Amino acid sequence: MLTLSCTQEKHYGHKGEFPCNLFVDSSFTDEELSMIIESVEAWEQATDNIASIKLTANFSIDGATCSILPFHCIIRSLEADLETQEAIKKINAPSLVGWADNVSVHIIVDRIDTSDKFINVVSHELGHHFGLGHSTSTSDIMYQSPQLTRTPISEVDVKAFCCVNDCGTKRINTCNDNLNGELDDPPYWSDWTDSFEF
């Protein structure tokens, strides 16, 4: 058991910005879009709708465009894309399947071979976008490597979410509670440069 402290001011992404608007790249297939919706709904359900997310589909966007616009994006990336290659090189992550920063979530679709893994990657990268770092427990969606079978958002994930994003009285928001599972290192969230690989 590890005590999680929320006293440090290391907040990224959408802290305190809910509901958040996410624009979805028009190049996602209908099947991929339905899995993105499923991932969003999982976060909303796990957090009692505190992680309220409005998805707007069918925008032609990339990381450069998203960074200058007043909204956040989910971008469909391919292994051969220059932006993907730069991300892999920058963070030294040859097995990268997705990454997030404070304005966008990137999903490298041609490196994901099952629907369960796709949903896990989207849910995981949304967690980064909400300010969470990696967990070392395989039962958490924020575990540092992708699981082949569907991984639900765990109570540890929710407590970490509530630690970073004020959940008020709707959820357990005692950040000094002991959490099940082992965390990378406190705090549970971390700088984006440490949070890209999944």
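Throughout what follows, the structure given in this document is the object of discussion.

A closer look at the pairing of strand β4 (residues 72–77)
The buried fraction of β4 amounts to 5 of the 6 residues, a majority that puts the element mostly inside the structure. For strand β2 (residues 20–25) and β4, the ladder comprises 3 bridges, and the chain directions are parallel. In the sheet register, Phe 23 faces β4, and the bridge partner there is Cys 73. As judged from the 5 bridges shared by β4 and strand β6 (residues 104–108), these two strands associate in the parallel manner.

Concerning the nonpolar core
Counting 35 residues, the largest nonpolar core has Trp 43, Ile 107, Phe 118, Leu 126, Phe 130 and Phe 161 as the members making the most contacts within it. Sorting the residues of this core by element identifies β2, α1 (30–46), β6, α4 (115–129) and α5 (155–164) as the ones contributing at least two each. Considering each element in turn, this core owes the most residues, 6 residues, to α1. Every residue in contact with Phe 118, bar those within four places of it in the chain, is listed here: Phe 28, Glu 32, Met 35, Ile 36, Ile 107, Val 109 and Ile 112. Within the second largest apolar cluster, 7 residues are counted, among which are Ile 88, Ala 93, Trp 99 and Ile 108.

Quick word on the packing of aromatic side chains
Think of a pair of aromatic rings as described by two things: how far the centres are apart, and how the planes are tilted against each other in angle. Scanning the model with the defined rule gives 3 aromatic pairs in all. Both rings, one in Trp 43 and one in Phe 130, keep their centres 5.6 Å apart while their planes meet at 85 degrees; by these two values the pair is edge-to-face. Here the residue Trp 43 occupies a position in helix α1, and Phe 130 occupies one in the loop between α4 and α5, the gap between them amounting to 87 residues. A relative accessible area of 0% means that Trp 43 is categorised as buried. Where Phe 130 meets Phe 161, the ring centres are 5.8 Å apart and the plane angle is 80 degrees; that geometry is what we call edge-to-face. Here the residue Phe 130 occupies a position in the loop between α4 and α5, and Phe 161 occupies one in helix α5, the gap between them amounting to 31 residues. Since its relative accessible area comes to 0%, Phe 130 is described here as buried. Looking at Phe 161, the relative accessible area reads 0%, which means it is buried. A connected cluster of aromatic rings, assembled from ring pairs, spans Trp 43, Phe 130 and Phe 161.

Observations regarding unusual backbone geometry
For Asn 49, which is not glycine, the phi torsion reads 65 degrees and is therefore positive. Tracing the chain through its elements places Asn 49 in the loop between α1 and β3 (53–59). Classification of Asn 49 as exposed rests on a relative accessible area of 52%. A positive phi is found at Asn 92, a non-glycine position, where the angle reads about 50 degrees. Here Asn 92 shows up in the loop between α3 (82–91) and β5 (98–100).

As for the pattern of salt bridges
Here the idea is simple: oppositely charged side chains can pair when their charged atoms come close. A complete count under the given rule lists 3 salt bridges for this structure. In this structure, the salt-bridge partner of Glu 32 is Arg 76, at a minimum N-O distance of 2.8 Å. Placement of the pair is Glu 32 in helix α1 and Arg 76 in strand β4, with a sequence separation of 44 residues. Here Glu 32 falls in the buried class, since its relative accessible area comes to 11%.

Observations concerning α5
Each turn of an α-helix holds 3.6 residues, which means side chains three or four residues apart point in the same direction. Counting buried positions along α5 yields 9 of 10 residues, so the element is predominantly enclosed. Turning to α5, its buried residues number three or more, namely Val 156, Asp 157, Val 158, Lys 159, Ala 160, Phe 161, Cys 162, Cys 163 and Val 164. The N-terminus of α5 is capped by Ser 154, whose side-chain oxygen sits 3.3 Å from the backbone nitrogen of Val 156.

Rules behind the numbers
- Residues numbered from 1 in each chain as written.
- Predicted model: local features only at pLDDT ≥ 70, side-chain atom pairs only at ≥ 80, totals over all residues.
- Heavy atoms only, no water.
- Buried < 20%, exposed > 50% of the residue type's maximum accessible area, 1.4 Å probe, protein only.
- Helix = DSSP H or I, 4+ residues; strand = E, 2+ residues; numbered from the N terminus.
- Pairing = 2+ DSSP bridges.
- Core = buried A, V, L, I, M, F, W, Y, C linked by side-chain atoms within 4.5 Å.
- Contact = heavy atoms within 4.5 Å.
- Phe/Tyr/Trp six-rings, centres within 6.5 Å; stacked < 30°, edge-to-face > 60°.
- Salt bridge = Lys/Arg side-chain N within 4 Å of Asp/Glu carboxyl O.
- Polar contact = N/O pair within 3.5 Å; in protein donor to acceptor, adjacent residues only side chain to side chain.

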